[in-house]
Amino acid sequence: MALTVFYRSGTRFDITSGSHTVVTDQPVEDGGHDEGMSPVDLFVGSIASCVGYFVGRYCERHRIPAQGLRVDADWSMAEQPHRVGAVSMTITLPARITSEQRERLLKVAHGCTVHQSLAVPTKVAIEMVADSAGKEESR
């Protein structure tokens, strides 16, 4: 699996994966043009949408109406290092469910791929290469 992030200008970057493009930018107060979600917004949104997807699929499999399903997420930042320190999500499912279904849905939500990628630390490798168009000529 792969995606590519392209610098556009200022604080704007475009993320492409297959035929999809997502724009990230910073809010105006942080020097951006607010042309897309910030990377942190996108990070938290990725967790919340994954939770929503897993809950929605469970509802579909168990014939629980998912119309109106919503996941609200709040987060706070932490320091040393600067990062998202905590994420709280509230799942709203208008359908009537039993306490057993509620418990099972919460287990399903905690099992979403993005959440599990945080719960079990993901190895991240970063390297730098010079693009041939950006290399200085040696004389």
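These remarks concern the structure in this document. Keep in mind it's a predicted model, so treat the numbers as computed, not measured.

This part takes up the sheet that holds strand S1 (residues 4-9). Spatial ordering of the open sheet is given by S1-S2-S3, a layout of three strands whose pairing is antiparallel. Across the chains shown, the open sheet's two edge strands, defined by having one partner strand only, are S1 and strand S3 (20-24). The mean inter-strand angle of the sheet, taken between neighbouring strand axes irrespective of direction, is 25 degrees. Where strand S2 (residues 12-17) meets S3, five bridges bridge the pair, whose relative direction is antiparallel. Paired with Thr16 across the two strands is Thr21, which belongs to S3.

Here the focus is the pairing of S1. Taken together, the five bridges between S1 and S2 define a ladder with antiparallel strand orientation. The residue bridging Val5 from the neighbouring strand is Ile15, located in S2. Between S1 and the antiparallel strand that follows it, S2, lie two residues; Gly10 among them carries a positive phi value of about 55 degrees.

Attention now moves to a nonpolar patch on the surface. Residues Leu3, Val5, Tyr7 and Phe13 make up a contiguous nonpolar surface patch of about 390 Å² in total accessible area. You can see Leu3 is positioned in the segment before S1. Residue class for Leu3 comes out exposed when judged on its relative accessible area of 52%.

Moving on to the environment of Arg83. Among the secondary structure elements, Arg83 is positioned in strand S5 (residues 83-92). For Arg83, a relative accessible area of 37% corresponds to the partly exposed category. Sequence-wise, Arg83 and Val40 are 43 residues apart; in three dimensions their C-alpha atoms are separated by 8.8 Å. Of note is the side chain of Arg83, whose polar atom sits 2.6 Å from the backbone oxygen of Pro81.

The next thing to look at is helix H1 (residues 39-61). The terminal C-alpha atoms of H1, which comprises 23 residues, lie 33 Å apart, in line with the 33 Å expected from a rise of 1.5 Å per residue. Within the sequence span of H1, burial applies to Val44, Ile47, Ala48, Cys50, Val51, Gly52, Val55, Gly56, Tyr58 and Cys59. Where the residues of H1 are buried, they touch strand S4 (70-78), S5, helix H2 (99-110) and helix H3 (113-119). The positive-phi residue at the C-terminal boundary of H1 is Arg63, with phi of around 55 degrees.

What counts, and where the lines are drawn
Residues numbered from 1 in each chain as written. Predicted model: local features only at pLDDT ≥ 70, side-chain atom pairs only at ≥ 80, totals over all residues. Heavy atoms only, no water. Pairing = 2+ DSSP bridges. Helix = DSSP H or I, 4+ residues; strand = E, 2+ residues; numbered from the N terminus. Axes fitted to C-alpha atoms, helices over the stretch in contact; angles between N-to-C directions. Patch = residues over 30% accessible without salt bridge, like charges linked within 9 Å, V, L, I, M, F, W, Y side chains within 5 Å. Areas by Shrake-Rupley, 256 points an atom, 1.4 Å probe, with all protein chains shown as cover. Salt bridge = Lys/Arg side-chain N within 4 Å of Asp/Glu carboxyl O. Buried < 20%, exposed > 50% of the residue type's maximum accessible area, 1.4 Å probe, protein only. Polar contact = N/O pair within 3.5 Å; in protein donor to acceptor, adjacent residues only side chain to side chain. Expected span 1.5 Å × (residues − 1). Contact = heavy atoms within 4.5 Å.

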